[in-house]
Amino acid sequence: MDQTKYQQGMDKLMEYTAETGSTHLKIADNLKDIAPDVSKYIIEFAYGDIYSRKGLTNQQRALITVSSLVTQGTEPQLELHINTALTSGVTPEEIIETITHLIPYTGFPRVLNALTVAQKVFEDREIKVDLSKVEQ
């Protein structure tokens with residue numbers, strides 16, 4: 001394992017998870033007995049190589065990730081990444097608007113499911129959405 005790449009990935013991951021603790025690390029712990037290399041790949045490749053690139057802010061990357069997960073319908077990962085988006089400084093209203101923007105591209109069922117996940121995350125974190133910032 002390239003310790004430098006691993007540490008670079010961990011440093012970047014902590015930028016997204018420092019506030020609430022990392023579910024990413026819980027995932028790694030859960031995989032240690034069956035697929036320990038997968039957590040290494042997430043940290044080294046996803047965070048060490050991809051998330052550490054120049055050109056986008058952490059907030060932009062978080063919204064791209066949320067968008068991708070909504071379109072894929074991967075709700076457990078979506079919950080994780082809504083949390084990381086909030087920790088990186090994305091507002092709840094930006095998350096709601098991002099998910100709403102996906103209606104024409106992914107359809108109402110996936111958007112409704114994603115909004116349910118977002119609502120759970122906001123409730124868990126005791127966050128109120130300012131509806132004046134997302135309604136027409």
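Basis of the calculations
Residues numbered from 1 in each chain as written. Predicted model: local features only at pLDDT ≥ 70, side-chain atom pairs only at ≥ 80, totals over all residues. Heavy atoms only, no water. Phe/Tyr/Trp six-rings, centres within 6.5 Å; stacked < 30°, edge-to-face > 60°. Helix = DSSP H or I, 4+ residues; strand = E, 2+ residues; numbered from the N terminus. Buried < 20%, exposed > 50% of the residue type's maximum accessible area, 1.4 Å probe, protein only. Salt bridge = Lys/Arg side-chain N within 4 Å of Asp/Glu carboxyl O.

- As annotated in an unreviewed UniProt entry, the protein carries the name Carboxymuconolactone decarboxylase family protein and comes from Mammaliicoccus sciuri.

Quick notes on the packing of aromatic side chains
Part 1: Taken as a whole and judged by the stated rule, the model has three aromatic pairs.
Part 2: Ring centres of Tyr 16 and Tyr 47 lie 6.1 Å apart, and the angle between their planes is 65°; on these two criteria the pair is classed as edge-to-face. Of this pair, Tyr 16 sits in helix H1 (residues 3–17) while Tyr 47 sits in helix H3 (residues 36–50), and the two are 31 residues apart along the sequence. For the pair formed by Tyr 16 and Tyr 47, the shared burial category is buried.
Part 3: For the pair Tyr 47 and Tyr 51, a centre-to-centre distance of 4.2 Å together with 25° between the ring planes defines the contact as stacked. Accessibility assignment for this pair places Tyr 47 and Tyr 51 in one class, buried.
Part 4: In textbook terms, an aromatic cluster arises when at least three aromatic residues are bridged by ring pairs, as seen for Tyr 16, Tyr 47 and Tyr 51.

What to know about the pattern of salt bridges
Part 1: Counted by the stated rule, this structure contains four salt bridges.
Part 2: For Lys 5, the salt bridge identified is with Asp 49, shortest N-O distance 2.8 Å. A residue pair is termed long-range when its members are at least 10 positions apart, and Lys 5 in helix H1 and Asp 49 in helix H3 qualify at 44 residues.
Part 3: Residue Lys 5 is classed as partly exposed on the basis of its relative accessible area, which comes to 24%.
Part 4: With a relative accessible area of 31%, Asp 49 lands in the partly exposed category.
Part 5: Connected through shared salt-bridge partners, Glu 79, Lys 120 and Asp 124 make up one network.

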